[in-house]
Amino acid sequence: MIRSELIQKLAEENPGLNLPEVEKIVDLFFKEIVDRLSSGGRVELRGFGAFTTRARDARTGRNPRTGEQVPVDAKRVPYFKPGKEMRERLNVKGDA
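Read on for a plain summary of the structure. These numbers come from a predicted model, not from an experiment. (Residues numbered from 1 in each chain as written. Predicted model: local features only at pLDDT ≥ 70, side-chain atom pairs only at ≥ 80, totals over all residues. Heavy atoms only, no water.)

1. A look at the pairing of strand β3 (residues 59-62)
So, point 1. Direction of pairing for β3 relative to strand β4 (residues 69-72): antiparallel, over a ladder of four bridges. Among the inter-strand pairings, T60 is bridged to a residue of β4, identified as P71.
So, point 2. The antiparallel pairing of β3 with β4 creates a hairpin that spans six residues between the two strands, and G67 there sits at a positive phi of about 80 degrees. (Pairing = 2+ DSSP bridges. Helix = DSSP H or I, 4+ residues; strand = E, 2+ residues; numbered from the N terminus.)

2. Looking at the sheet that holds strand β5 (residues 75-82)
So, point 1. Overall, antiparallel pairing links the three strands, which are arranged β1-β2-β5 in an open sheet. Single-partner strands in this sheet number two, and they are β1 (43-45) and β5. When the angles between neighbouring strand axes are averaged without regard to direction, this sheet yields 30 degrees.
So, point 2. Two strands pair when backbone bridges link them, and β1 and strand β2 (residues 49-56) are joined in this way by three bridges, in the antiparallel orientation. The partner of V43 across the bridge, within β2, is F51.
So, point 3. Packed onto the sheet, helix α2 (residues 19-38) meets β1, β2 and β5 and runs at close to 40 degrees relative to β2. (Axes fitted to C-alpha atoms, helices over the stretch in contact; angles between N-to-C directions. Contact = heavy atoms within 4.5 Å.)

3. Quick notes on the packing of helix α1 (residues 3-13) against α2
So, point 1. Look at α1 against α2: their axes get within 9 Å of each other, and the N-to-C directions meet at 125 degrees. Judged by the angle between their axes, α1 and α2 are oblique. Classified by chirality, the crossing of α2 by α1 is right-handed. Contacts from R3, L6, I7, Q8, L10 and A11 in α1 reach L19, V22, E23, V26, D27 and F30 in α2.
So, point 2. Partitioned by chemical class, the residues of the contact of α1 with α2 number eight nonpolar, one polar and three charged. (Parallel < 35°, antiparallel > 145°, perpendicular 65-115°, else oblique. Left-handed = near helix turned anticlockwise from the far one by under 90°. Nonpolar A, V, L, I, M, F, W, Y, C, P; charged D, E, K, R; others polar.)

Spelled out as structure tokens, the structure:
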């Protein structure tokens, strides 16, 4: 599912909201998650999962075209840990 499909689905399931209102809500939702993570925080959505960041150390990478070694700076990367309910639904026995 892509962002536009999510907005369309939410608009269909909430006829009291028009498309621009739903789009504003979705934008605000994602903005708040990014803002919290960028400030070093954590976002937990019960039954879904938790978003955090993890530190990656500086390292030496390799340019895939030239094979040349290049320095890669240390950085923080987003990390998602699924909640128990999601893990259970994804791993239902007999589901192939």
